[in-house]
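Observations on the model geometry
Here is how the chains run, residue by residue.
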Amino acid sequence: MKLIADCGSTKIDWCLVENGKVVKQVFTTGMNAVMLTEEEMAQRIATELMPELGSAEGITAVYFYGAGCISPEVCNNVASAIRKSIPAPVIDVATDLLAAARALCGHSAGIACILGTGSNSCYYDGEMIQDNVSPLGYILGDEGSGAVLGKILLGDVLKNQLPADLCEKFLKQYELDRLTIIRRVYKEPQGNRFLASVTPFLIQNIDRPEIKALVKNAFKSFFVRNIQQYKDYNMLMVNFIGSIAYYYKDVLTEAAGECGCTVGTIIKSPMQGLIEFHA
């Protein structure tokens, strides 16, 4: 049996798979491998995952894809933490971006992108990532992400760049005022998550030309500043994973066309694609 993990900062989706079929699915608390020690990760796996799995017997391989798994040192720490509870012969730890690429493209070459709270992209050769334009985070980059869409929306509301009725509707719906917004963004932790949390307002009002233009311009910035940096970008399918890509796929596809790009697959989460890849 194979154990596949899609790890984010909020939750980890673990799927125990045999012959391409899910035997058991378990959700545990998310973890960022950069922020936790090996011992802390091992403790979470032992106390949250193992009671649900029951036993590590029969697990021959673990494929763990996670946020923060960005260096050999970090990946080795995660592998060591897993091995303390699951002594499988194969323990492979990689980034969430490789998870997206394998889930979206399988064994074919293509461009794989993540559009969720943050954004990222890569050129994938069918097995491994060969090129990556650094996302740089929501202050310097993360174009097209939920955090950046929220940042633009809040800025436009506070600077009266949207029609008055939209500004009033937004502030009332989210029970926000200028001082509260400033505090949530600059004073409290995880400002990026707060910014992303207001993006449902955009999809709810996407029929308004001002809102559609805001979203489309943000997506065009993603294509120009990221996708157009890859060789032969206009000859390859550009594939997406993540909630923002999934819910805004019509506007995303329109923006791609205006930037000379062709959108391929759009999915919300990678697990089914990862199961097929590792089958």
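In case you missed it, the structure is sitting above this.
The notes below deal with the structure included here. (Residues numbered from 1 in each chain as written. Predicted model: local features only at pLDDT ≥ 70, side-chain atom pairs only at ≥ 80, totals over all residues. Heavy atoms only, no water.)

**Re the overall build of the protein chain**
Here is the rule: Numbering goes from the N terminus for both helices and strands, where a helix is a DSSP run of H or I of at least four residues and a strand is a run of E of at least two. Note on method: radius of gyration uses C-alpha positions; expected globular size equals 2.2 Å times residues raised to 0.38. Per-residue accessibility, obtained with a 1.4 Å probe over protein chains only, is compared with the maximum for each type, and a residue is labelled buried under 20%, exposed over 50%, and partly exposed between these values. Contacts are assigned to residue pairs that have any heavy atoms within 4.5 Å of one another. Here the Shrake-Rupley method, with its probe set to 1.4 Å, supplies the accessible areas, and only the displayed protein chains count as covering residues.
The helix and strand tally for the protein chain stands at 13 helices and 10 strands. Expected size for 279 residues packed as a compact globule is a radius of gyration near 19 Å; at 20 Å, the protein chain falls within 12% of this value. Along the first, second and third principal axes, the C-alpha set of the protein chain runs to 60 × 45 × 30 Å. Buried positions account for 49% of the 279 residues belonging to the protein chain. Of all intrachain contacts in the protein chain linking residues separated by at least 6 positions in sequence, the fraction that spans at least 24 positions is 65%. Per element, the accessible surface of the protein chain, about 13500 Å² overall, is 50% carbon and sulfur.

**Considering the nonpolar core**
Buried together is how nonpolar side chains tend to be arranged in soluble globular proteins. Where we set the bar: Take the buried residues of types Ala, Val, Leu, Ile, Met, Phe, Trp, Tyr and Cys, join any two whose side-chain atoms come within 4.5 Å, and each joined set is a nonpolar core.
Within the largest apolar cluster, 44 residues are counted, with the highest numbers of intra-cluster contacts made by Phe 219, Phe 223, Ile 227 and Phe 240. Here this core takes 7 residues from helix H10 (residues 209–225), the largest share from any one element. Ile 59, Ala 81, Ile 91 and Val 93 belong to the second-largest nonpolar core, a separate cluster that totals 31 residues.

**Considering the packing of helix H5 (residues 146–158) against helix H6 (residues 164–173)**
Worth spelling out the cut-off: Note on geometry: axes are lines fitted to C-alpha atoms, helical ones only across the stretch in contact, with angles between N-to-C directions running from 0 to 180 degrees. Left-handed describes a crossing whose near helix is turned anticlockwise from the far helix by less than a right angle; the clockwise case is right-handed. Residues are sorted three ways: Asp, Glu, Lys and Arg are charged, Ala, Val, Leu, Ile, Met, Phe, Trp, Tyr, Cys and Pro are nonpolar, and all the rest, Gly among them, are polar.
The contact between H5 and H6 brings their axes to 9 Å, and the two run at 115°. Relative to H6, the crossing made by H5 is left-handed. Residues Leu 153, Leu 154, Asp 156 and Val 157 of H5 form the contact with H6, whose participating residues are Cys 167, Phe 170 and Leu 171. Among the residues forming the contact of H5 with H6, the class breakdown is 6 nonpolar, no polar and 1 charged.

**Digging into the layout of surface pockets**
Note the threshold: In this analysis the probe radius is 1.4 Å and the grid spacing 1 Å, with only protein atoms considered; a cavity is a set of points the probe fits into but cannot get out of, a pocket is an open set with protein on both sides within 12 Å along at least five of seven lines, and lining residues have an atom within 4 Å of a point. Grid points are joined across faces, edges and corners, and a volume is the space filled by probe spheres set on the points.
In this structure, the second largest pocket encloses a volume near 250 Å³. The wall of the second largest pocket is formed by Tyr 138, Ile 139, Lys 151, Leu 154, Gly 155, Leu 158, Ile 181, Ile 182, Val 185, Tyr 186 and Leu 195. Elements with a contribution of two residues or more to the lining of the second largest pocket: helix H4 (137–140), H5 and helix H7 (178–186). Among the residues forming the lining of the second largest pocket, the class breakdown is 9 nonpolar, 1 polar and 1 charged.

**Some thoughts on H10**
Heads up, the rule is: By definition here, a helix of n residues has an expected span of 1.5 Å times n minus one.
With 17 residues, H10 extends 24 Å between its outermost C-alpha atoms, agreeing within 8% with the 24 Å of an ideal straight helix rising 1.5 Å per residue. Buried residues of H10: Ile 211, Leu 214, Val 215, Lys 216, Ala 218, Phe 219, Phe 222 and Phe 223, and no others.

**A few points about a nonpolar patch on the surface**
Convention followed: Exposure above 30% relative accessible area and the lack of any salt bridge qualify a residue for a patch; like charges then connect within 9 Å, and the nonpolar side chains Val, Leu, Ile, Met, Phe, Trp and Tyr within 5 Å. Each reported salt bridge corresponds to a side-chain nitrogen of Lys or Arg within 4 Å of a carboxyl oxygen of Asp or Glu.
A cluster of nonpolar side chains, contributed by Val 34, Met 35 and Ile 70, occupies part of the molecular surface with about 360 Å² of accessible area. Structurally, the position occupied by Val 34 is in the loop between strand S3 (21–29) and helix H1 (38–53). According to the relative accessible area criterion, Val 34 is partly exposed, its value standing at 47%.

**Considering the packing of aromatic side chains**
Note the cut-off: Stacked, tilted and edge-to-face are the three classes assigned to paired rings of Phe, Tyr and Trp, where Trp is represented by its six-membered ring and a pair needs centres within 6.5 Å; plane angles under 30 degrees give stacked, over 60 edge-to-face, the rest tilted.
Here the structure, examined in full by the defined rule, presents 8 aromatic pairs. Arranged with centres 5.2 Å apart and planes meeting at 80°, the rings of Phe 170 and Phe 201 form a pair that is edge-to-face. In this pair, Phe 170 is assigned in helix H6 and Phe 201 in helix H9 (residues 200–204), connecting sequence segments 31 residues apart. One exposure class covers both Phe 170 and Phe 201, and it is buried. On the numbers, 5.7 Å between centres and 75° between planes, the contact of Phe 222 with Phe 223 is edge-to-face. Neither residue differs from the other here; Phe 222 and Phe 223 are each classed as buried. Ring pairs connect the aromatic residues Phe 170, Tyr 174 and Phe 201, which therefore count as one cluster.

**Describing the sheet that holds strand S8 (residues 129–131)**
The cut-off we apply is this: For two strands to pair, DSSP has to find at least two bridges joining them.
If you trace the 5 strands from one edge of the open sheet to the other, you get S8-S7-S6-S9-S10, paired in mixed fashion. The two strands at the open ends of the sheet, each matched to only one other strand, are S8 and strand S10 (262–267). Here the strands of the sheet are splayed against their neighbours by 35° on average, with no regard to which way each runs. Where strand S6 (residues 110–115) and strand S7 (residues 119–124) come together, 6 bridges link them in antiparallel fashion. Bridged to Ile 114 within S7 is Asn 120. Seen against the sheet, helix H12 (residues 249–258) touches S6, strand S9 (237–241) and S10 and runs at an angle of roughly 160° to S10.

None of the figures reported here should be taken as evidence of function without further support.
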